[in-house]
Amino acid sequence: MRKKIVAGNWKCNTTLTEGVALAKQVDSLVAERGAKDVVVVLGAPFTHLASVAAAVDLNRIAVSSQNCAAEAKGAFTGEVSVSMIQSTGASHVIIGHSERREYYHETSEILNKKVALTLAQGLTPIYCCGEALAIREAGTENEFVKTQLEETIFNLSPEDFGKLVIAYEPIWAIGTGRTASSQQAQDMLAFIRQLIATKYNQTIAADCSILYGGSCSPSNAKELFSQPDIDGGLIGGASLKAEDFLAIINAY
Ligand code: PEP
């Protein structure tokens, strides 16, 4: 059975004090109001992971990094390895966010290493994919996303594939306030699920949690989450306000 997941991506926002306060607020709101059967994940900056993990009840809230090193350890100044991330109490790693692909030139080759290291360490990759506006306007978004998957996570064994979460995030909808319509999001997620069924099998496809991300907010989350193939959201801006994030979680 696939899980419903609402994951926040704080990006390069919040000081340590602010991040811990936000995590505590989310944790207590979830404790008060419940999250039904939604897995709640907080994607905090590296510097905050240990403190955020210590500030929340990890039975209620999972903690994620937003990236990881492409090497296990060694002379890679400034990098943060998956085992370091794991040692903080975090359980998830966001991999291949479009901002990392674009600004830090993360290729499929790099993403494959990151996914493999994350899985080897027993953490859950939240693998991001999605097309730019020009590709959507050219009507080639399905082929584009298919290639992204074929070059990366479709190289995994069925067993490993079954451990990851996918987040489809059209780049034109990220941080722009321009959300994909629920039909556009549903169509792409159904397409991805069909690709998984063809590559692996129906059971693996049915069990894979696929999230939508891109200007998801308290006002559109209900409509998005009501779609049959949308298993939750990866939430940027709205995850920085505990009440908004909770409203999205409770949109289920
Ligand atoms: C994101 O960056 O993952 C994201 C979905 O951002 P936003 O919700 O702000 O569009």
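Everything discussed here concerns the structure shown above.
Residues numbered from 1 in each chain as written. Predicted model: local features only at pLDDT ≥ 70, side-chain atom pairs only at ≥ 80, totals over all residues. Heavy atoms only, no water.

## Side note on the sheet that holds strand 8 (residues 232-235)
Right, on to step 1. Strand order in the closed barrel formed by eight strands is 1-2-3-4-5-6-7-8, and the pairing between neighbours is parallel. Each neighbouring strand pair of the sheet contributes to a mean axis angle of 25°, computed without reference to strand direction. (Pairing = 2+ DSSP bridges. Helix = DSSP H or I, 4+ residues; strand = E, 2+ residues; numbered from the N terminus. Axes fitted to C-alpha atoms, helices over the stretch in contact; angles between N-to-C directions.)

## Concerning the side chain of Asp231
Right, on to step 1. Examined against the element boundaries, Asp231 turns out to sit in the loop between helix 11 (221-225) and strand 8.
Right, on to step 2. A relative accessible area of 6% means that Asp231 is categorised as buried.
Right, on to step 3. At 2.7 Å, the side chain of Asp231 forms a polar contact with the side chain of Arg2.
Right, on to step 4. Asp231 has contacts with Arg2, Lys3, Lys4, Ile5, Arg193, Cys208, Ser209, Ile210, Leu211 and Tyr252, leaving out every residue within four places of it along the chain. (Buried < 20%, exposed > 50% of the residue type's maximum accessible area, 1.4 Å probe, protein only. Polar contact = N/O pair within 3.5 Å; in protein donor to acceptor, adjacent residues only side chain to side chain. Contact = heavy atoms within 4.5 Å.)

## What about the packing of aromatic side chains?
What describes a pair of aromatic rings is the distance from one ring centre to the other and the angle between the planes of the rings.
Right, on to step 1. For the structure shown, the criterion picks out four aromatic pairs.
Right, on to step 2. Relative to Tyr200, the ring of Phe154 has its centre 5.9 Å away and its plane inclined at 80°; by these criteria the two rings are edge-to-face. In this pair, Phe154 sits in the loop between helix 7 (141-151) and helix 8 (158-161) while Tyr200 sits in the loop between helix 9 (182-199) and helix 10 (202-207), placing the two residues 46 residues apart along the sequence.
Right, on to step 3. Here Phe154 falls in the buried class, since its relative accessible area comes to 6%.
Right, on to step 4. On the basis of relative accessible area, Tyr200 is assigned to the buried category, the value being 13%.
Right, on to step 5. Three or more aromatic residues joined by ring pairs form one cluster here, namely Phe154, Phe161 and Tyr200.
Right, on to step 6. Between the NZ or CZ atom of Lys199 and the centre of the ring of Tyr200, over which it lies, the distance is 5.8 Å. (Phe/Tyr/Trp six-rings, centres within 6.5 Å; stacked < 30°, edge-to-face > 60°. Lys NZ or Arg CZ within 6 Å of the ring centre and 35° of its normal.)

## Quick word on the state of the cysteines
Right, on to step 1. Taken as a whole and judged by the stated rule, the model has zero disulfides.
Right, on to step 2. Cys68 forms no disulfide, and the closest cysteine sulfur to it belongs to Cys128, at a distance of 12 Å.
Right, on to step 3. The closest cysteine sulfur to the non-disulfide-bonded Cys128 is located on Cys129, 7.6 Å from its own sulfur.
Right, on to step 4. Taking the relative accessible area as the measure of exposure, Cys128 reaches 1% and is therefore buried. (Disulfide = S-S within 2.5 Å.)

## Looking at the layout of surface pockets
Right, on to step 1. In this model, the largest pocket occupies a volume close to 400 Å³.
Right, on to step 2. Lining the largest pocket are 14 residues, with Lys11, Cys12, Gln66, Arg100 and Tyr104 positioned closest to its centre.
Right, on to step 3. It is helix 4 (residues 98-103) that contributes the most residues to the lining of the largest pocket, three residues altogether.
Right, on to step 4. Taken as a whole, the second largest pocket holds about 260 Å³ of empty space.
Right, on to step 5. Every residue lining the second largest pocket is counted, 15 residues in all, and those nearest its centre are Lys3, Ile5, Thr124, Lys163 and Val165.
Right, on to step 6. Its residues assigned to classes, the lining of the second largest pocket comprises seven nonpolar, four polar and four charged. (1 Å grid on protein atoms, 1.4 Å probe; cavity = no way out; pocket = protein on both sides within 12 Å on 5 of 7 lines; lining within 4 Å. Points joined across faces, edges and corners; volume = space filled by probe spheres on them. Nonpolar A, V, L, I, M, F, W, Y, C, P; charged D, E, K, R; others polar.)

## Description of the pairing of strand 3 (residues 61-65)
Right, on to step 1. Counting buried positions along strand 3 gives five out of five residues, so the element sits mostly inside the fold.
Right, on to step 2. Burial along strand 3 is two-sided: the face carrying Ile61, Val63 and Ser65 and the face carrying Ala62 and Ser64 are both buried.
Right, on to step 3. When strand 2 (residues 38-43) meets strand 3, the two strands line up parallel, connected through four bridges. Directly across from Val41, in strand 3, lies its bridge partner Ala62.

## Considering the site of the ligand
Right, on to step 1. Taken together, 14 residues lie around the ligand, and Lys11, His97, Glu169, Gly175 and Ser215 are the ones closest in.
Right, on to step 2. In this structure, an oxygen atom belonging to the ligand sits 2.5 Å away from a side-chain N or O atom of Lys11.
Right, on to step 3. Contacts to the ligand include Ser215, whose backbone N or O atom sits 2.7 Å from an oxygen atom.
Right, on to step 4. Burial of the ligand by the protein amounts to 96% of the accessible area it has alone, namely 290 Å².
Right, on to step 5. Broken down by class, the residue content of the shell around the ligand amounts to four nonpolar, eight polar and two charged. (Near = heavy atom within 4 Å. Areas by Shrake-Rupley, 256 points an atom, 1.4 Å probe, with all protein chains shown as cover.)

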